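# Architecture at a glance
Next come the chains, spelled out residue by residue.
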Amino acid sequence: MPIAQDTQEERHTIQLAAISTASIQNTRGTIVDRIDRNSPYWTVAYEDVCRAIDREIKQRERADRLDAALRLACNALAEPRPPEGE
């Protein structure tokens, strides 16, 4: 019986480590290392964290695109223009 208990505790420890690891895998390059549902270390909490990280990545990418568009617009407005009528 103690072996089964140790195994269960070890599995829970690794599941928590997987959740912790997923919480810092917040780039397109690092999410490829995620575990899948067939892993004994996958949990619903792990999936929740992965979904939150996916939202974070999408929001950061959107913010980057908006920042780039704003910079282009500001640069276009800052360029000298010839006087009207010329």
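Everything below is about the structure printed above this text.
Scope of this entry: the structure provided in the associated data block. (Residues numbered from 1 in each chain as written. Predicted model: local features only at pLDDT ≥ 70, side-chain atom pairs only at ≥ 80, totals over all residues. Heavy atoms only, no water.)

### As for the overall build of the protein
The helix and strand tally for the protein stands at 2 helices and 0 strands. Viewed in the frame of its principal axes, the protein has a C-alpha envelope of about 90 × 15 × 15 Å. With 86 residues in all, the protein has 15% of them scored as buried. Nonlocal contacts in the protein, meaning residues at least 24 apart in sequence, comprise 64% of its contacts between residues at least 6 apart. Surface exposure of the protein reaches about 7000 Å², of which carbon and sulfur atoms provide 57%. Once the 12 positive and 15 negative side-chain charges of the protein are each reduced to a mean point, those two points are 5 Å apart. (Helix = DSSP H or I, 4+ residues; strand = E, 2+ residues; numbered from the N terminus. Buried < 20%, exposed > 50% of the residue type's maximum accessible area, 1.4 Å probe, protein only. Contact = heavy atoms within 4.5 Å. Areas by Shrake-Rupley, 256 points an atom, 1.4 Å probe, with all protein chains shown as cover. Lys, Arg positive; Asp, Glu negative; His and termini not counted. Charge placed at Lys NZ, Arg CZ, Asp CG, Glu CD.)

### Side note on the pattern of salt bridges
Tallying each qualifying case throughout the model produces 6 salt bridges. One salt bridge in this structure joins R51 and E47, with 3.9 Å as the shortest N-O distance. One end of the pair, R51, and the other, E47, are both in helix 2 (residues 44–78), 4 residues apart, so they sit about a helical turn from each other. Among the residues examined, E47 registers a relative accessible area of 23% and is labelled partly exposed. We note a salt bridge from R60 to E56, for which the minimum N-O separation is 3.0 Å. Separated by 4 residues within a single helix, R60 and E56 lie in helix 2, roughly one turn from each other. Judged by relative accessible area, which is 33%, R60 ranks as partly exposed. On the basis of relative accessibility, which here comes to 31%, the residue E56 falls in the partly exposed class. A cluster of three or more residues bridged by salt bridges with shared partners is formed by E47, D48 and R51. (Salt bridge = Lys/Arg side-chain N within 4 Å of Asp/Glu carboxyl O.)

### Structural notes on the side chain of T43
One can find T43 in the loop between helix 1 (2–24) and helix 2. Classification of T43 as buried rests on a relative accessible area of 16%. A distance of 3.0 Å separates the side chain of T43 from the backbone nitrogen of Y46, its partner in a polar contact. For T43, the contacting residues outside a window of four places in its chain are Q15 and I19. (Polar contact = N/O pair within 3.5 Å; in protein donor to acceptor, adjacent residues only side chain to side chain.)

### Looking at helix 2
The end-to-end C-alpha distance of helix 2 is 51 Å, a good match for the 51 Å that 35 residues give at a rise of 1.5 Å each. If you check which residues of helix 2 are buried, you get Y46, C50, I53 and I57. (Expected span 1.5 Å × (residues − 1).)

Remember that the coordinates give geometry; whether it matters functionally is a separate question.
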